[in-house]
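In case you want the letters, here they are:
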Amino acid sequence: MRVLVLSDIHANLTALETVLADAEQFNFLGGTGFEQVWCLGDVVGYGPDPNECVERLRAFGDDHLCVAGNHDWAVLGNLPVDDFNAEARRAVVWTREQLTPESRAYLKGLPAEPLVRGDFTITHASPRHPVWEYMVSPFIAQENLAHFDTQSCLVGHTHVPVIFHCRRQQRAVENTEVCRALTPSYKQSVDLTNGHRLIINPGSVGQPRDSNPRAAYALLDTEANILRFRRVAYPYELTQSRMRAAKLPDRLIARLAYGW
Ligand SMILES: [Zn+2]
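For every chain, the first residue of the written sequence is number 1, and numbering continues from 1 onward in sequence order. Whole-chain, interface and lining totals are the exception, using all residues; otherwise, since this is a predicted model, local features are given only for residues with pLDDT of at least 70 and side-chain atom pairs are given and counted only at 80 or more. Remark: hydrogens and water are excluded; side-chain values derive from all non-hydrogen atoms of the structure.

**Focus on the state of the cysteines**
- Pairs of cysteine sulfur atoms within 2.5 Å are identified as disulfides in what follows. In the structure shown here, the tally under the stated rule is 2 disulfides.
- Two residues share a disulfide in this structure: C166 and C179, whose sulfurs sit 2.1 Å from each other. Judged by the sign of its S-S torsion, about 110 degrees, the bond between C166 and C179 is right-handed. A residue pair is termed long-range when its members are at least 10 positions apart, and C166 in strand β7 (residues 162–166) and C179 in strand β8 (residues 179–182) qualify at 13 residues. Across the pair, C179 and C166 agree in class, each one buried.
- Of all cysteine sulfurs, the one in C39 lies closest to C53, which takes part in no disulfide; the gap is 10 Å.
- A simple rule labels every residue: compare its accessible area, found with a 1.4 Å probe on the protein chains alone, to the largest value its type can have, and call it buried under 20%, exposed over 50%, or partly exposed in between. The exposure class assigned to C53 is buried, which follows from its relative accessible area of 0%. Going along the chain from the N terminus, every DSSP run of H or I of four or more residues is numbered as a helix, and every run of E of two or more is numbered as a strand.

**Some thoughts on the coordination of the zinc ion**
- Taken together, D8 (OD), H10 (NE2), D42 (OD) and H159 (NE2) make up the full set of protein donors to the zinc ion, lying 2.1 to 2.3 Å away.
- Only N, O and S atoms count as donors, using a 2.8 Å limit from the metal and a wider 3.2 Å limit for Na, K and Ca, and since water is excluded some coordination spheres may look unfilled. Spacing between the donor residues of the zinc ion along their common chain follows D-x1-H-x31-D-x116-H.
- Judged by its relative accessible area of 0%, D8 is buried.
- Relative accessible area serves as the criterion here: at 1%, H10 is assigned to the buried category.

**Digging into helix α2 (residues 50–58)**
- Turning to α2, its buried residues are P50, N51, C53, V54 and L57. All buried residues of α2 fall inside an arc of 165 degrees around its axis, so they share one side.
- Those residues of α2 hidden inside the fold are in contact with β1 (2–6), α1 (13–25), β2 (36–39), β3 (64–66), α4 (86–98) and α5 (101–108). In this description, one arc is meant: the one made by directions from the helix axis to the C-beta atoms. Throughout, a contact is declared for two residues whenever any of their heavy atoms are within 4.5 Å.

**Looking at the nonpolar core**
- Nonpolar cores were defined as sets of buried Ala, Val, Leu, Ile, Met, Phe, Trp, Tyr and Cys residues, with membership established by side-chain atoms within 4.5 Å. Judged by nonpolar contacts, the single largest core of 52 residues is most densely connected at L4, L6, V43, L107 and Y217.
- Setting aside residues no more than four positions away along its own chain, L107 makes contact with V43, V44, V54, D72, L76 and L99.
- If you look at the next biggest cluster of nonpolar residues, it comprises 19 residues, including V5, I163, I200 and L227.

**Some thoughts on unusual backbone geometry**
- Notably, H157 is not glycine yet its phi reads approximately 80 degrees, a positive angle.
- Structurally, H157 is set in the loop between β6 (152–154) and β7.
- Classification of H157 as buried rests on a relative accessible area of 2%.
- The phi angle at N225 is positive, at roughly 60 degrees, despite the residue not being glycine.
- Following the sequence through the fold, N225 ends up in the loop between β11 (215–221) and β12 (226–232).
- Overall, the relative accessible area of 7% leaves N225 in the buried class.

**Quick look at the packing of aromatic side chains**
- Any two of the Phe, Tyr and Trp rings considered here, Trp counted by its six-membered ring, make a pair once their centres fall within 6.5 Å; the pair's planes then place it as stacked at under 30 degrees, edge-to-face at over 60, or tilted in between. In total, this model carries 4 aromatic pairs according to the counting rule given.
- Arranged with centres 6.1 Å apart and planes meeting at 55 degrees, the rings of F34 and F60 form a pair that is tilted. With F34 in the loop between α1 and β2 and F60 in the loop between α2 and β3, the pair connects residues that are 26 residues apart, well separated along the chain.
- Residue classification places F34 among the buried positions, given a relative accessible area of 15%.
- Centre to centre, the rings of Y234 and Y236 are 6.3 Å apart; their planes meet at 80 degrees, and the pair counts as edge-to-face.
- When the ring centre of F26 is taken as origin, the NZ or CZ atom of R230, which lies over that ring, is 3.8 Å away.
- Criterion for a charge above a ring: Arg CZ or Lys NZ at most 6 Å from the ring centre, at most 35 degrees from the ring normal. Over the face of the ring belonging to Y46 we find R255, whose NZ or CZ atom lies 5.8 Å from the ring centre.

As far as function goes, none of this settles anything; it's purely spatial.
The following block contains the structure:
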């Protein structure tokens, strides 16, 4: 099965549309297109198009799944907004005011616990703390190995594309260094059948934070067990002008041009 893996769309419809179009035409393993969409959460928050992004995902119907991110939860009131910085908080409050009943119902239906599909565990932040933990180091990756059973785990949340390679070890063995972090290549596919357990972050569609403003996503073939990281430029000025019109915080508008 060919899967489009999306994370942290953050209500940026221009980035989402660009990614969907790119994924439709990109030649991956001798073919184009995708059969399923796996969304790793944070559909809304920060950006100007929360309802439109929800609608775009909903349109995939049974051909997509999505898990809840911390921003999705905050918008619903499941998390206190005090846990966010001032700008993120303003965006949460603004988003709350914009949501249609349909969008709200969609976000409410997103599972907070990890989903398992074949060899993949799918979660927003980490298998251990699905909504909150930042998977930013090999050590945190290692600690999470005991919290999922599949070969690979797909995470978002940090907005930084990365792949943690972890050597197999018995659960009983503790405090052994087993994971290392690799920055993804956009020039070649990754063979996931290399005997390692893997924790993979495709990066963020709508708000990249690795000093690269291009939208990030991944394509996955679950039979061949091969993944391809992708980056695609999108006209972020359009997103910025809608954010300006919505009076969203300046810093959130500025960061889209730089990817921080
Ligand atoms: Zn996010």
